[in-house]
Amino acid sequence: MTNLRFGGSVWCNIDVALRNIDAIYKQKIEPLDLTIVEWYIMRLLYEEDGQMASRLAEGTGRTATSFTPILDKLQNKGFIERRLHPADRRAIKIYLTDKGKGLEEQIKGSLEIDNKFTQQFSEKDLQAFLQVIESLQSMTP
């Protein structure tokens, strides 16, 4: 624990770890002309194309109100398009364009990043770590 800052401060040390992890992800993802959040949105759309924006926001851990600018950027890059919901004209669904579909193999190839992190830990330690992360995500102020 000698490398932890401020006597093991949770916020400070998670922040440092996240910045390190962020740099590793960016190195692999930025050449695809995507941000990390955009990369996750694309991954969700490869799993199921034509999702509601609210579902994509939830899947990436973002609030629906802050999500529109992210989708705007993906649309401006030509990776997604918005279409009216066939059953509800007030709703919009998000679909991959041909350009977005064309990145699928590159994006799936970059999933090795996740493996890089999980290989750092034993299965027992990884499961304990993921439980801590899940608990931190569900905490309320």
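Summary of the structure given here. Just so it is clear, the model here is predicted, and its values are computed rather than measured. (Residues numbered from 1 in each chain as written. Predicted model: local features only at pLDDT ≥ 70, side-chain atom pairs only at ≥ 80, totals over all residues. Heavy atoms only, no water.)

Helix length check: helix α1 (residues 10–29) (20 residues) gives 27 Å between terminal C-alpha atoms against 28 Å at 1.5 Å per residue, within 8%. Considered for burial, the residues of α1 that qualify are C12, N13, V16, Y25 and I29. Buried residues belonging to α1 abut α2 (36–47) and α7 (112–118). Looking at where α1 begins, the residue whose side-chain oxygen comes 3.4 Å from the main-chain nitrogen of C12 is S9. (Helix = DSSP H or I, 4+ residues; strand = E, 2+ residues; numbered from the N terminus. Expected span 1.5 Å × (residues − 1). Buried < 20%, exposed > 50% of the residue type's maximum accessible area, 1.4 Å probe, protein only. Contact = heavy atoms within 4.5 Å. Polar contact = N/O pair within 3.5 Å; in protein donor to acceptor, adjacent residues only side chain to side chain.)

Across a sheet, paired strands are connected by hydrogen bonds in the backbone, their directions being either parallel or antiparallel. Judged by pairing direction, the sheet is antiparallel, and its 3 strands sit side by side in the order β1-β3-β2 without closing on themselves. At either end of the open sheet lies a strand with only one pairing partner, and these are β1 (51–52) and β2 (80–84). As judged from the 2 bridges shared by β1 and strand β3 (residues 92–96), these two strands associate in the antiparallel manner. Across the sheet, M52 pairs through a bridge with K93, a residue of β3. Sitting on the sheet, helix α4 (residues 68–76) is in contact with β2 and β3, with an inclination near 115° to β2. (Pairing = 2+ DSSP bridges. Axes fitted to C-alpha atoms, helices over the stretch in contact; angles between N-to-C directions.)

Under the definition given, this model contains 11 salt bridges. The partner of K77 in a salt bridge is E38, and the shortest N-O contact between them spans 2.7 Å. Of this pair, K77 sits in the loop between α4 and β2 while E38 sits in helix α2, placing them 39 residues apart in sequence. For E38, a relative accessible area of 1% corresponds to the buried category. One salt bridge in this structure joins R55 and E48, with 3.0 Å as the shortest N-O distance. For E48, a relative accessible area of 34% corresponds to the partly exposed category. Several salt bridges share partner residues, and in doing so they unite D33, E38 and K77 into one network. (Salt bridge = Lys/Arg side-chain N within 4 Å of Asp/Glu carboxyl O.)

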